[in-house]
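# Understanding the architecture of this molecule
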Amino acid sequence: MKKTFVAALAALLLAVPATAYADHFPDVSSKHWAYESIHSLSAAEIVNGYSTGFFRPDREVTRAQAAVILARALEVDTATTFQPDFQDIDPDYYAYPAVAALTEQGVFSNTGKFNPGQPLPRSQMAKIIVEGFDIVVDSNHQLAFRDVPSTLWAHDYIITLAEVGISEGYTPTTFRYGVNVTRGQLAAFIDRALQFERAVEEGTISYDATQQLYQGVNSTGSVAHETIPLVNQERANANLTALEEDPELTRIAQLKAEDMAENDYFEHTSPTYGEPWEMAVALGYPTNQVGENIAGGYKSPGETVAAWMDSQGHRENILRASYTHIGVGYAEDQDGFPYWVHMFSIR
């Protein structure tokens, strides 16, 4: 049976017409990773199966198909008189109304060709979802992908979509923007975008123009964030300045907590990411001056921070005067065993 424990110190610095619902798609079982999204969008008549009754979730989606699906999801009025400049798509083409309406709204660029039969790469997917759902493209860049250079035309769209949790990388450090999107993937992206849109409408997610990010997106949960005031109280007792939560560092700390929970280990050195400072740099963090506290088995924020304060190395991390920022993470494994992560940095 696993017991509560805290780790040794890691304070190192510098070092399409047929309709069928998802329940009836023989190639989309309830265990399929995109089942819930396909089921939801199918029930809403946003996505359809083929006349054979299959959905073909692994089949690449074309630009024309993506336009129709997106127009349905956005409930766009396709009865527009706008005529785009595309030379390769006629008004009698099945996707023309959707393409014209979305182009009028700026979702697609009104260039000479639309290329309706071409597959939709992930870079273009990022743009049309961000533009279609009117997601604010910020310049805060809470994360980065090694294979998405800042000079790439879709860079800001890709980063924005990942920051709000609608898309993910193929790995924590790569996005593969040139890879084509499948029907199952597009269903998942659209479903997440609709959920994001509802959260914005309900006010549980809002855009903070000052910080240039969406507040409420982080899925770490209040239980991890509740440790921050406890840490800052300990620092106040020691006449130290409070640590500022860094959303970028919190994202990294959360990934570390999830990595431990998923891979059943408890070490500062991750088999996935390496050392904490290596992980931070690999995930785009601007400095390698990063320290880490980890704990396992404690059920509450108070117990966790108290355990760290009772450990000399962890207490030194919490009370290190040079630290300026903190990131927090929390995850549970399949048995409900909790993992806690604090990352500290100098910025």
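Residues numbered from 1 in each chain as written. Predicted model: local features only at pLDDT ≥ 70, side-chain atom pairs only at ≥ 80, totals over all residues. Heavy atoms only, no water.

## Some points on the domain arrangement of the protein
Applicable threshold: Start and end points for every domain follow an automatic or database-based domain assignment. The contact criterion used throughout is that any non-hydrogen atoms of two residues lie within 4.5 Å. The working definition used for a salt bridge is a side-chain nitrogen of Lys or Arg within 4 Å of a carboxyl oxygen of Asp or Glu. N or O atoms within 3.5 Å of each other form a polar contact, as long as, within protein, one can give a hydrogen and the other can take it, and as long as residues adjacent in sequence are counted only when both atoms are side-chain atoms. Gly falls in the polar group here, along with every residue not listed as nonpolar (Ala, Val, Leu, Ile, Met, Phe, Trp, Tyr, Cys, Pro) or charged (Asp, Glu, Lys, Arg).
When the domains of the protein are assigned, the result is domain 1 (34–205) and domain 2 (216–345). Relative to domain 2, the C-alpha centre of domain 1 lies at a distance of 35 Å. At the junction of the two partners, domain 1 supplies 13 residues and domain 2 supplies nine residues. On inspection of domain 1 and its partner domain 2, the count reaches zero salt bridges. Summed over the shared surface of domain 1 and domain 2, the number is zero residue pairs in polar contact (both at pLDDT 80 or more). Grouping the constituent residues of the side of domain 1 that touches domain 2 by class yields six nonpolar, five polar and two charged.

## What to know about the side chain of Thr62
In plain terms, the rule: We count a stretch as a helix when DSSP gives it H or I for four or more residues in a row; a strand needs E for two or more, and each element gets its number in order from the N terminus. Relative accessibility thresholds used throughout: buried, under 20% of the residue-type maximum; exposed, over 50%; partly exposed, between the two (1.4 Å probe, protein chains only).
Considering the arrangement of structural elements, one finds Thr62 in the loop between α1 (35–43) and α2 (63–74). Using a relative accessible area of 17% as the deciding quantity, one classes Thr62 as buried. Setting aside chain neighbours within four positions, we find Thr62 in contact with Pro116, Gly117, Gln118, Pro119 and Leu120.

## A few points about helix α4 (residues 122–132)
For α4, the tally of buried residues reaches nine of 11 residues, placing the bulk of the element in the interior. Residues Arg122, Ser123, Met125, Ala126, Lys127, Ile128, Ile129, Val130 and Gly132 constitute the buried set of α4. Residues of α4 that are buried in the fold lie against α2, α5 (155–163) and α6 (183–202).

## Let's talk about the pattern of salt bridges
Counted by the stated rule, this structure contains three salt bridges. Among the salt bridges present, the one from Asp246 reaches Arg347, with a minimum N-O distance of 2.6 Å. Of the two residues, Asp246 sits in the loop between β4 (244–245) and α9 (247–263) while Arg347 sits in the segment after β7 (338–345), which places them 101 residues apart along the sequence. Given a relative accessible area of 4%, Asp246 falls into the buried group. Linking Glu292 and Lys256 is a salt bridge whose minimum nitrogen-to-oxygen distance equals 3.0 Å. Residue Glu292 is found in strand β5 (residues 290–296), and its partner Lys256 is found in helix α9; the two are separated by 36 residues along the sequence. Of the two residues examined, Glu292 and Lys256, each falls in the buried class.

## Comments concerning the packing of helix α8 (residues 227–237) against helix α11 (residues 301–309)
Short version of the rule: Axis geometry follows a simple rule: fit a line to the C-alpha atoms, using only the stretch in contact for helices, then measure angles between N-to-C directions, giving values from 0 to 180 degrees. Left-handed describes a crossing whose near helix is turned anticlockwise from the far helix by less than a right angle; the clockwise case is right-handed.
Put simply, α8 and α11 touch, their axes get as near as 9 Å, and they point 35° apart. As for how α8 packs across α11, the hand of that crossing is right-handed. For the pair α8 and α11, contact is made by Thr227, Leu230, Val231 and Glu234 and by Pro301, Gly302, Val305 and Met309, respectively. For the contact of α8 with α11, the class distribution of residues is five nonpolar, two polar and one charged.

## Overview of the packing of α4 against α6
For the record, the criterion: Comment on the angle field: the value is read as roughly parallel under 35 degrees, roughly antiparallel over 145, roughly perpendicular from 65 to 115, and oblique elsewhere.
Two elements in contact, α4 and α6, have axes separated by 11 Å at closest approach and are oriented at 25°. By the angle between their axes, α4 is roughly parallel relative to α6. In the packing of α4 onto α6, the handedness of the crossing is right-handed. Facing Arg122, Met125 and Ile129 of α4, the residues of α6 in contact are Leu186, Phe189, Ile190 and Ala193. Residue composition of the contact of α4 with α6, grouped by class: six nonpolar, no polar and one charged.

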